[in-house]
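A closer look at the structure
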Amino acid sequence: MTNPADLTLAQLRDALKKKEVTSLEATDAYLSRIEKAKPLNAFITVTADKARDMAKASDAQLVKGAGGALEGVPLGIKDLFCVEGVLTTAASHILDGFHPRYESTVTTNLWRDGAVMLGKLNMDEFAMGSSNETSFYGNVINPWRRADGGNHDLTPGGSSGGSSASVAARLCAAATATDTGGSIRQPASLTNTVGVKPTYGRVSRWGIVAFASSLDQAGPITQDVRDAAIMLKSMAGHDPKDSTCIDRPVPDYEAALGQSLKGMKIGVPKEYRIDGMPEEIEKLWSQGIAWMKDAGCEIVDISLPLTKYALPVYYIVAPAEASSNLARYDGVKYGYRAKDFTDITSMYENTRAEGFGNEVKRRILIGTYVLSAGYYDAYYLRAQKVRKKIFDEFTDAFSKVDLILTPSSPSAAFGLGEKTADPVQMYLNDVFTVTANLAGLPGASVPAGYDKQGLPLGLQLLAKPFDEETMFKGMFALEQAAGANKRPKEWWG
């Protein structure tokens, strides 16, 4: 029999319902593979006992012919989602020993639908990073390797590197992730997985450790488009505990797959052709355009001239919100507290100095600076005005097209340590993705090809707010045309 850990989420869901495999068997298969894949460092915490207990409960439901949409399916949870009683660190030293007394809405929804938790996944500290190198618990390693046998330690992308690596290596059926400036789509592109960032407000942020509250959005990283549709259906929904979560019905995204694209208009923005973009990505983009034409779409050249301002705006707004959100970590009520201090002020200072990593400190300093009295108008307020214009620009574009097609990332996976010395170069990894967060749009990355070293490359689709159904139609068509469904060779055992 096929190892249940080699099935897609949809295949495993169906096999469980047909009683061809039990949830406990699938859970044990994944736990065995997680143990074997320790060199990838994808998990911070493995909850083996909890997983087996949840699997047994699911099996009891399945025997009765009952259960939810994800009954018995083992998942990985990014360590940004609070799970009651389970260590939740946001990959930061400052949250040492934090066991939440509450459950995030996303994980509540997943457990409601019968999912099983395998553990908490590694990530960039407080979701700040594009390579999963800022985690207090060490780098996550991409399971993909260069064909020439060069540097094997490649980034899985960030901040959701543990999510993307674990799905690519089949350490879980699917994973939760978050996207503040591209942290679902970029790691998905670098690991040959599917990553979906829903519309801002489609998925509740309650119980997710905050980075930048007006940009953060949770979504899934999965093996294929069908799995992403299934996951998002369970994750999404109105939540009165989150004032930014929109009260509107959640469509059946899986039902949208395979529907005709004939007559749809696909926008191609000229501003996404940036200097220095590898020729392979340019060719893949052209190929993606051809695939959409073959599917019956009309290709429309569009212009988004404010795209060039998106990164500067993002790296003002996001650090500003981070400096505010991270002010709560002071060593008083929970998490890490410095051992050496003389008074409460030195306790705050020493705790934060020792508890935060360098990238988090850098962004807190930037954010505090742009919010300061002398610079608020010059930087933060101006950035917010440009952000609104970026939204208006997309609104105008979507009056002419149904979807926008772009590359997902400016490069394939790069070596760990390759860009850490130059933060600006690292920030440029978000060049194709940050606009969707600034405008609150849904976006997704779909595996579409490989570079000359055999490393994955993705294409991105953007849609109108709350039009994930149309996006899933386009994603499925791209996936079927590309057929880029290779798996990395297991080298870490």
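The present account deals with the structure reproduced in this document. If you're wondering where the values come from, they're calculated on a predicted model, not measured in any experiment. (Residues numbered from 1 in each chain as written. Predicted model: local features only at pLDDT ≥ 70, side-chain atom pairs only at ≥ 80, totals over all residues. Heavy atoms only, no water.)

1. As for the nonpolar core
Stated precisely, the cut-off is as follows: What makes a nonpolar core is a set of buried Ala, Val, Leu, Ile, Met, Phe, Trp, Tyr and Cys residues whose side-chain atoms join them at distances within 4.5 Å. Here the term buried applies to any residue with accessible area under 20% of the maximum for its type, exposed to any over 50%, and partly exposed to those in between, with areas from a 1.4 Å probe on protein chains only. Each helix corresponds to a stretch of at least 4 residues labelled H or I by DSSP, and each strand to a stretch of at least 2 residues labelled E; elements are numbered beginning at the N terminus. Note on definitions: a residue-residue contact is assigned when non-hydrogen atoms from the two residues lie within 4.5 Å.
Core analysis: the biggest nonpolar cluster contains 153 residues, and Leu110, Phe126, Phe394, Phe472 and Met475 have the highest contact counts within it. Per-element accounting of this core gives the leading share, ten residues, to helix α10 (residues 310–325). Look past the residues within four positions of phenylalanine 394 in its chain and what remains in contact with it is Tyr272, Leu304, Ile404, Thr435, Ala439, Leu441 and Leu462.

2. Some words on the packing of aromatic side chains
The condition that has to hold: Paired rings are identified among Phe, Tyr and Trp, the last through its six-membered ring, by centres lying within 6.5 Å, and are further divided according to the angle between planes into stacked (under 30 degrees), edge-to-face (over 60) and tilted (the rest). Charge over a ring is defined by NZ of Lys or CZ of Arg lying within 6 Å of the ring centre and within 35 degrees of the ring normal.
Under the definition given, this model contains 17 aromatic pairs. A centroid spacing of 5.3 Å and a plane angle of 85° characterise the contact between phenylalanine 136 and tyrosine 137, whose relative ring orientation is edge-to-face. On the accessibility criterion, tyrosine 137 (28% relative accessible area) is partly exposed. An aromatic cluster is defined as three or more aromatic residues linked by ring pairs; in this entry it consists of Phe98, Phe126, Tyr329, Tyr334 and Phe356. The cationic tip of lysine 241 hangs over the ring face of tryptophan 206; the distance from NZ or CZ to the ring centre is 4.9 Å.

3. Re the environment of leucine 326
Mapped onto the secondary structure, leucine 326 falls in the loop between α10 and α11 (344–355). Note on leucine 326: relative accessible area 0%, which makes it buried. The spacing of leucine 326 and methionine 54 is 272 residues in sequence and 33 Å in space, taken between C-alpha atoms. Those residues in contact with leucine 326, other than ones at most four positions away along the chain, are Phe126, Met128, Ala210, Arg352, Phe356, Val360 and Ile364.

4. With respect to the packing of α10 against helix α13 (residues 376–397)
We count it as follows: Angles run from 0 to 180 degrees between N-to-C directions of axes, and those axes are lines fitted to C-alpha atoms, restricted for helices to the stretch in contact. Small angles under 35 degrees read as roughly parallel and large ones over 145 as roughly antiparallel, with 65 to 115 read as roughly perpendicular and the rest as oblique. Crossing handedness: left-handed means the near helix sits turned counterclockwise from the far one by under a right angle, and right-handed means the same turn made clockwise. Classification used: nonpolar for Ala, Val, Leu, Ile, Met, Phe, Trp, Tyr, Cys and Pro, charged for Asp, Glu, Lys and Arg, polar for all others including Gly.
Closest axis-to-axis distance for the α10/α13 pair is 9 Å, and the angle between their directions is 125°. Classified by the interaxial angle, the pair formed by α10 and α13 is oblique. The two elements α10 and α13 cross, and the hand of that crossing is left-handed. Seen from α10, the contacting residues are Ala310, Val313, Ile316, Val317, Ala320 and Glu321; seen from α13, they are Tyr379, Tyr380, Ala383, Gln384, Val386, Arg387 and Ile390. For the contact of α10 with α13, the per-class residue count stands at ten nonpolar, one polar and two charged.

5. A look at helix α16 (residues 468–482)
The condition is simple: In this analysis, the expected span of each helix is defined as 1.5 Å times one less than the number of residues it contains.
Taking 1.5 Å per residue as the helical rise, α16 with its 15 residues ought to reach 21 Å, and the 20 Å between its terminal C-alpha atoms agrees with that figure. Buried within α16 are the following residues: Glu468, Thr470, Met471, Phe472, Gly474, Met475, Phe476, Ala477, Leu478 and Glu479. Where α16 terminates, the next one or two residues include glycine 483, which has phi positive at roughly 60°.

6. Side note on empty space enclosed by the protein
How we decide: Cavities and pockets are found on a 1 Å grid laid over the protein atoms alone: a cavity is a set of points where a 1.4 Å probe fits but cannot escape, a pocket is an open set with protein on both sides within 12 Å along at least five of seven lines, and a lining residue has an atom within 4 Å of such a point. Grid points are joined across faces, edges and corners, and a volume is the space filled by probe spheres set on the points.
This model, assessed by the stated rule, comprises one cavity of 30 Å³ or more. Of the voids in this model, the largest cavity is the one considered here, and its volume is about 50 Å³. In terms of lining, the largest cavity is formed by Ala127, Gly129, Ser130, Gly181, Ser183, Phe211, Tyr314, Tyr315, Arg363 and Asp430.

7. Structural notes on the packing of α10 against helix α12 (residues 358–371)
Running from amino to carboxyl end, α10 crosses α12 at an angle of 100°, the nearest separation of the two axes being 7 Å. Of the possible angle classes, the one that applies to α10 and α12 is roughly perpendicular. Taking contact as the criterion, the partners of Tyr315, Ile316, Pro319, Ala320 and Ser323 in α10 are, on α12, Arg363, Ile364, Ile366, Gly367, Thr368, Val370 and Leu371. Residue composition of the contact of α10 with α12, grouped by class: eight nonpolar, three polar and one charged.

8. Notes on α11
Heads up, the condition is: This arc is taken over the directions from the axis of the helix to the C-beta atoms. Polar contact is defined as a pair of N or O atoms within 3.5 Å, subject to the rule that within protein one atom must be able to donate a hydrogen and the other to accept it, and that residues adjacent in sequence are counted only when both atoms are side-chain atoms.
Taking 1.5 Å as the rise per residue, α11 with twelve residues should run 16 Å; its terminal C-alpha atoms sit 16 Å apart, in good agreement. Every buried residue of α11 is accounted for by Ser346, Met347, Thr351 and Gly355. Angular distribution of buried residues about the axis of α11 spans 140°; they occupy a single face of the element. By the N-cap criterion, in which a side-chain oxygen at the helix start approaches the backbone nitrogen of a residue two or three places on, α11 is capped by aspartate 343, the distance to threonine 345 being 3.3 Å.

9. Comments concerning the side chain of serine 183
Mapped onto the elements of the fold, serine 183 is located in the loop between β4 (175–179) and α6 (185–191). Engagement of the side chain of serine 183 in a polar contact is seen with the backbone oxygen of glycine 158, the distance being 3.4 Å. Polar contacts involving the side chain of serine 183 include one to the main-chain amide nitrogen of serine 159, which spans 2.9 Å.

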